[in-house]
Amino acid sequence: MNVMCLNSKSCRIFKSISHCRQQFRRIISRNISENNFIYGSHVLEAKNNGMPIVALESTIITHGMPYPQNLETALQVESAVRENGAIPATIAILDGKVHIGVNKKEIEQLSKTQREKVIKCSRRDLSYVISQKLNGSTTVCGTMLLANLAGIEIMATGGIGGVHRGAELNFDVSADLTELGRTPVTVVCAGVKAILDIPKTLEYLETKGVPVITIGESNNFPAFYSRETFDKIKAPMKLSNAMEAASLIRTQRALNINSGLLFAVPIPESHALDPNEIEINIQKALLKANENNITGKEITPFLLQELAELTVGQSVQSNIALITNNAKVAAEIARNLNSKTENDVEETSGSKGRPVVIGGAVFDTILQVKELQITFNGSTHKGKSREACGGVGRNVASALVHLGLFNTKLISVIGNDEAGKAIIKSLKEAGDSLQILSNKSTARYSAILDNKGECCFGIGEMDAFSEINVPLVKKNYSVLEKADLIVLDGNPPIETMSAILDIAKTLRKPVWYEPTDFQKAIKIFQAGSQWEKTLHFISPNRNELLAIAKYFGIPIPNDEFKTYEAVKHVAENLAKIVPVVITTLGSLGVMVSRKAAGNRAFYDERGELIYDEDIQSRLYKPHLQLDNIPEVHQSSVSGCGDCLAAGIIVGILNKFSEAECISLGLKAAAISLRSFEAVPQQLSTLQIEEK
């Protein structure tokens, strides 16, 4: 291994000693990886695309629970990480190879392997297990060490090991604590395992200089199965949420402190056990362990098994709930840590611009019938369902963030309910401008799809949109002042649109109108004449374009309005009124109609919209044909147009040429069509090159 670069002139390219150390670790990791590390394809893709990753231990699979609970829990924990915006990397050793991200088949293999045939690996065991080509599952200590070598900064577990009760006599102290003192990986857990001496463990961590922080409302330190210890020990530090946790990790980095951090997350209240009852059962289990001379690495699994029996399985169910919750929080922290701060965006992001989106945020429920026909006679039909965040405004804002415009803001309303919380989570910092309503529910949309994925009908509960009102817009005046583009969908009331256009005119801000549906396509033109000075872009589909044409009395050469020439004729007439008309034509692609010849950007260097004398239209073919989409994805086309719009907007704000803008939009649309989600995480893999 050549590490001479760290002592040569090339070291001067790093801004700090911290960067040099990170580079050194990368060099070591790369050389070890070539010989002993195997990355799961999902982890390798995440690393290559800069996506957040959460490491997971594997002893819970081999030594923590019996089959099939161990398998079900491992898969459930991985799902929790994915559902909260990160990629899971369960770490284990198979035949002497370190697997960073075992696949489902390998997890199942570990879950069925006899305990004595898998070595429980802490730091001391790794070299032996690898050199002897054995199988091993990783403890918190082992997972931290390997995660650090693999460049993964956050891991989730149930609870860490610590100082065992009676350690003053047997010196039984977990290697987890030493590893936390020297390895810069953040561990998210439900505190220290309740079977241990929690006060002594906290004292030991203080000695090692490890920050111990509780996340949540209470400053009581959680005790694994319980939200607090039976003697109500206080946490050394407390933070409110994952965003604050990510900020603390960044600060730890900046200070070049190379120890780990421990975030303690209380078990969800619905699964918490009484701390006094747990303590009584622990004393019984400890007595039995002493009678049977159980010591060393066997003591923890023995005590956990005894507790499972003494609590009639309640402790196991609590264990499953808490580790799943920890994985969720770890993913949220990883996602926030992966998000660039405002300064980072200005310095490092290839994407520029501050769009403000005003429009609908909706929680969608999709019900798809598997049978050929739906009968409206009260009978039950076989099918499947899924829930997702939606709404045109929310989708566009979320897609803009995924595409690198981290300064995006969404002005909308949600209820103080679970659907509203899901929407906030989906938007990251873009949701800072959301208004939370105590007297209304989050807008909802329920769609019934046939067996081919076509929408039969939908039910909308959109009363909340009436609260996207003038006071809300005025409250966000300072947000609009900073906007480079205001994106407006058709959901706000007409009087709200009028106020938005007034502000846009005063501030000289361009507006993009996303018509939403053919019934709302003309709302912006009914809001007053201000649109004539501010509306630069409109993005209708064929039906919405037809509705606008009828409103303005534009002649329609073909009554059926199905030929490309007929659509082109109407779009070019509308381009006499609105400078840029971007018409989506489904499988035909996207048509741009504007007063500009050739493949030019939309704005010049002074920020003025580019005009020529003659209106021209150009058709851009889609990147993915509908007949190439797997059937299971055909129901996920709702976000396609919103991702298309977001991609084009990113290109416009980066002053890309017209063709580059549309190409970026079409790529984003293609990714959306391949996904179950309207706005998939994979959008962040699109590379936006600075112009």
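Attention here is on the structure that accompanies the text. Predicted, not measured: the structure shown is a model, and the values here were computed from it.

Rules and cut-offs
- Residues numbered from 1 in each chain as written.
- Predicted model: local features only at pLDDT ≥ 70, side-chain atom pairs only at ≥ 80, totals over all residues.
- Heavy atoms only, no water.
- Helix = DSSP H or I, 4+ residues; strand = E, 2+ residues; numbered from the N terminus.
- Buried < 20%, exposed > 50% of the residue type's maximum accessible area, 1.4 Å probe, protein only.
- Contact = heavy atoms within 4.5 Å.
- Areas by Shrake-Rupley, 256 points an atom, 1.4 Å probe, with all protein chains shown as cover.
- Pairing = 2+ DSSP bridges.
- Axes fitted to C-alpha atoms, helices over the stretch in contact; angles between N-to-C directions.
- Salt bridge = Lys/Arg side-chain N within 4 Å of Asp/Glu carboxyl O.
- Phe/Tyr/Trp six-rings, centres within 6.5 Å; stacked < 30°, edge-to-face > 60°.
- Core = buried A, V, L, I, M, F, W, Y, C linked by side-chain atoms within 4.5 Å.
- Patch = residues over 30% accessible without salt bridge, like charges linked within 9 Å, V, L, I, M, F, W, Y side chains within 5 Å.

1. Thoughts on the overall build of the protein
Reasoning step 1: Check the secondary structure of the protein and you find 26 helices and 25 strands.
Reasoning step 2: Relative to its full complement of 691 residues, the protein shows a buried share of 55%.
Reasoning step 3: For the protein, long-range pairs separated by at least 24 residues make up 71% of all intrachain contacts whose partners lie at least 6 apart in sequence.
Reasoning step 4: A total accessible area of about 31,000 Å² is found for the protein, and carbon and sulfur atoms account for 49% of it.

2. Some details on the sheet that holds strand 14 (residues 383–390)
The strands making up a sheet associate through backbone hydrogen bonding, with each pair oriented either parallel or antiparallel.
Reasoning step 1: If you trace the four strands from one edge of the open sheet to the other, you get 14-13-18-19, paired in mixed fashion. If you trace the sheet from one side to the other, it starts and ends with strand 14 and strand 19 (455–461), each paired once. Averaged over all neighbouring strand pairs, the angle between strand axes comes to 15°, with direction disregarded.
Reasoning step 2: Bridge analysis of strand 13 (residues 362–369) against strand 18 (residues 443–449) gives seven bridges, and the strand direction is parallel. When the sheet's bridge partners are listed, Leu-367 is paired in strand 18 with Ile-448.
Reasoning step 3: In the packing of helix 17 (residues 418–427) onto the sheet, the strands contacted are strand 13, strand 14 and strand 18, and the crossing angle to strand 13 comes to about 105°.

3. Concerning the sheet that holds strand 24 (residues 590–594)
Reasoning step 1: With respect to topology, eight strands assemble into an open sheet ordered 15-12-20-21-22-23-24-25, the strand pairing being mixed. Only two strands of the sheet have a single neighbouring strand rather than two, namely strand 15 (409–411) and strand 25 (616–620). With strand direction ignored, the average angle separating the axes of adjacent strands in the sheet is 20°.
Reasoning step 2: In the packing of helix 16 (residues 392–402) onto the sheet, contacts are made with strand 12 (355–358), strand 15, strand 20 (485–489) and strand 21 (511–514), and the angle to strand 12 comes to roughly 160°.
Reasoning step 3: Against the sheet, helix 24 (residues 564–574) makes contact with strand 22 (535–538), strand 23 (580–584), strand 24 and strand 25, and its axis sits at roughly 35° relative to strand 24, the strand it touches most.

4. Considering the pattern of salt bridges
Reasoning step 1: Within this structure, the stated rule accounts for 19 salt bridges.
Reasoning step 2: In this structure, Arg-253 and Glu-153 form a salt bridge, with 2.5 Å as the shortest nitrogen-oxygen distance. Of the two residues, Arg-253 sits in helix 11 (residues 242–254) while Glu-153 sits in the loop between helix 7 (140–149) and strand 7 (154–156), which places them 100 residues apart along the sequence.
Reasoning step 3: The class of Arg-253 is partly exposed, set by a relative accessible area of 34%.
Reasoning step 4: In this structure Glu-153 comes out as partly exposed when scored by relative accessible area, which is 34%.

5. Side note on the packing of aromatic side chains
Reasoning step 1: Evaluation of the coordinates by the stated rule reveals ten aromatic pairs.
Reasoning step 2: Arranged with centres 4.9 Å apart and planes meeting at 85°, the rings of Phe-525 and Trp-531 form a pair that is edge-to-face.
Reasoning step 3: Accessibility expressed as a relative area gives 7% for Trp-531, which makes it buried.
Reasoning step 4: Note on Phe-537 and Phe-602: the rings are 5.7 Å apart at their centroids and 70° apart in plane angle, and the pair reads as edge-to-face. One end of the pair, Phe-537, is in strand 22; the other, Phe-602, is in the loop between strand 24 and strand 25, with 65 residues separating them in the sequence.
Reasoning step 5: Among the residues examined, Phe-537 registers a relative accessible area of 0% and is labelled buried.

6. Things to note about the nonpolar core
As a rule of thumb, soluble globular proteins bury nonpolar side chains together.
Reasoning step 1: Counting 103 residues, the largest nonpolar core has Val-54, Ile-100, Ile-160, Phe-221, Leu-262, Phe-263 and Ile-333 as the members making the most contacts within it.
Reasoning step 2: Take this core: its biggest share by element is eleven residues, from helix 14 (residues 314–338).
Reasoning step 3: If near-sequence neighbours (up to four positions away) are discounted, Leu-262 is found in contact with Ile-160, Leu-180, Val-187, Cys-189, Leu-205, Val-210, Pro-211, Val-212 and Ile-213.
Reasoning step 4: Val-396, Ala-419, Phe-537 and Leu-609 belong to the second-largest nonpolar core, a separate cluster that totals 54 residues.

7. Quick look at a nonpolar patch on the surface
Reasoning step 1: Nonpolar side chains collect at one region of the surface, where Phe-376, Phe-457 and Ile-459 lie side by side and expose about 330 Å² of accessible area between them.
Reasoning step 2: Along the chain, Ile-459 turns up in strand 19.
Reasoning step 3: You can call Ile-459 partly exposed: its relative accessible area is 47%.

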